[in-house]
Amino acid sequence: MIRIRVLHLFVFVVAVSMLIFALSYRIEEIGEANETREEKNSIQIRKQKDSIAKLESENKQLSESNKQLEADIKELQDSYLSKVDWGRWQRLHGCEQPGNWYANGGNPADPGRQTFQGGLGMSTVAWRMAVRAASNRGIALPVSALQATPRQQMVGAQAFYDAHGWGWSCVV
């Protein structure tokens, strides 16, 4: 009986030893898998950080380029605006629509029955031509002289004049 118990104990000890060995092997496998997973994650994180750094660098370059472009546009606009003959357009305003920068109507003497708008008496067609001419110089103007400030109307008139010549009945 003692032999049987010893044998049972021996079998039990062997089984427990095998179980411990199997568990330690499995724990080692899990550890290696975790190390591999952590290594993959670390590589992936490094790649993402590199991508972010590259994007930040590109964004910085674009931002600097954008600032330079804005400065160039402003310089061009300022250059063009310095060529606007403000006095001429003030005199034309005094002839066409004195005191009213937002006139809107027609001229009964005009055979084409055009609509004239703003303080410089520009036809709607002429204003569209002025908007295109100003746009070619990098200047944005409202779609209607009625929506334009007096200064914008004068810039539009100068753009029209530079592109198409004098188009008003008043001579100033």
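Everything here concerns the structure above.
As the structure is a prediction and not an experimental result, all values here were calculated from the model.

**Observations concerning the overall build of the protein**
So, point 1. Helix and strand content of the protein: four helices and three strands.
So, point 2. Listing each helix as α and each strand as β along the protein from the N terminus yields α-α-β-β-β-α-α.
So, point 3. The C-alpha atoms of the protein give a radius of gyration of 41 Å, which is well past the 16 Å a tight globule of 172 residues would have.
So, point 4. Across its three principal axes, the protein shows a C-alpha extent of roughly 135 × 30 × 25 Å.
So, point 5. Of the contacts formed within the protein by residues at least 6 apart in sequence, a portion of 58% connects residues at least 24 apart.
So, point 6. Total accessible area on the protein stands at roughly 12,500 Å², and carbon and sulfur atoms take up 58% of it.
So, point 7. Across the protein, the centroid of the 20 positively charged side chains sits 4 Å from that of the 18 negatively charged ones.

**Some thoughts on the state of the cysteines**
So, point 1. Considering all chains together, one arrives at one disulfide under this definition.
So, point 2. A sulfur-sulfur distance of 1.8 Å marks the disulfide that ties Cys-95 to Cys-170. Taking the sign of the torsion about the S-S bond as the criterion, the disulfide between Cys-95 and Cys-170, at about -80°, is left-handed. Taken together, the residues Cys-95 in helix 2 (residues 86–96) and Cys-170 in the segment after helix 4 (150–164) connect sequence positions 75 residues apart.
So, point 3. Classification of Cys-95 as partly exposed rests on a relative accessible area of 37%.
So, point 4. Judged by relative accessible area, Cys-170 falls into the buried class, the value being 10%.

**A closer look at the layout of surface pockets**
Rolled over the atoms, a probe with the dimensions of a water molecule shows which regions are left empty.
So, point 1. Approximately 330 Å³ is the volume found for the largest pocket.
So, point 2. What lines the largest pocket is a set of 18 residues, and nearest its centre among them are Glu-96, Asn-107, Phe-116, Gly-121 and Ser-169.
So, point 3. Elements that contribute at least two residues to the lining of the largest pocket include exactly strand 1 (104–106) and strand 3 (122–123).
So, point 4. The dominant element in the lining of the largest pocket, judged by the number of residues it contributes, is strand 1, at three residues.
So, point 5. Of the residues belonging to the lining of the largest pocket, the class tally is six nonpolar, ten polar and two charged.

**A few points about the nonpolar core**
So, point 1. The biggest cluster of nonpolar side chains holds 23 residues, and the ones touching the most others in it are Trp-89, Leu-120, Met-122, Trp-127, Leu-141 and Trp-168.
So, point 2. Of all the elements in the fold, those that place two or more residues in this core are helix 2, helix 3 (124–135) and helix 4.
So, point 3. In terms of residues, this core owes the most to one element, helix 3, which gives six residues.
So, point 4. Every residue in contact with Met-122, bar those within four places of it in the chain, is listed here: Thr-115, Phe-116, Gln-117, Trp-127, Ala-130, Ala-157, Phe-160 and Trp-168.

Reading the values: rules and limits
Residues numbered from 1 in each chain as written. Predicted model: local features only at pLDDT ≥ 70, side-chain atom pairs only at ≥ 80, totals over all residues. Heavy atoms only, no water. Helix = DSSP H or I, 4+ residues; strand = E, 2+ residues; numbered from the N terminus. Rg over C-alpha atoms; globule rule 2.2 N^0.38 Å. Contact = heavy atoms within 4.5 Å. Areas by Shrake-Rupley, 256 points an atom, 1.4 Å probe, with all protein chains shown as cover. Lys, Arg positive; Asp, Glu negative; His and termini not counted. Charge placed at Lys NZ, Arg CZ, Asp CG, Glu CD. Disulfide = S-S within 2.5 Å. Buried < 20%, exposed > 50% of the residue type's maximum accessible area, 1.4 Å probe, protein only. 1 Å grid on protein atoms, 1.4 Å probe; cavity = no way out; pocket = protein on both sides within 12 Å on 5 of 7 lines; lining within 4 Å. Points joined across faces, edges and corners; volume = space filled by probe spheres on them. Nonpolar A, V, L, I, M, F, W, Y, C, P; charged D, E, K, R; others polar. Core = buried A, V, L, I, M, F, W, Y, C linked by side-chain atoms within 4.5 Å.

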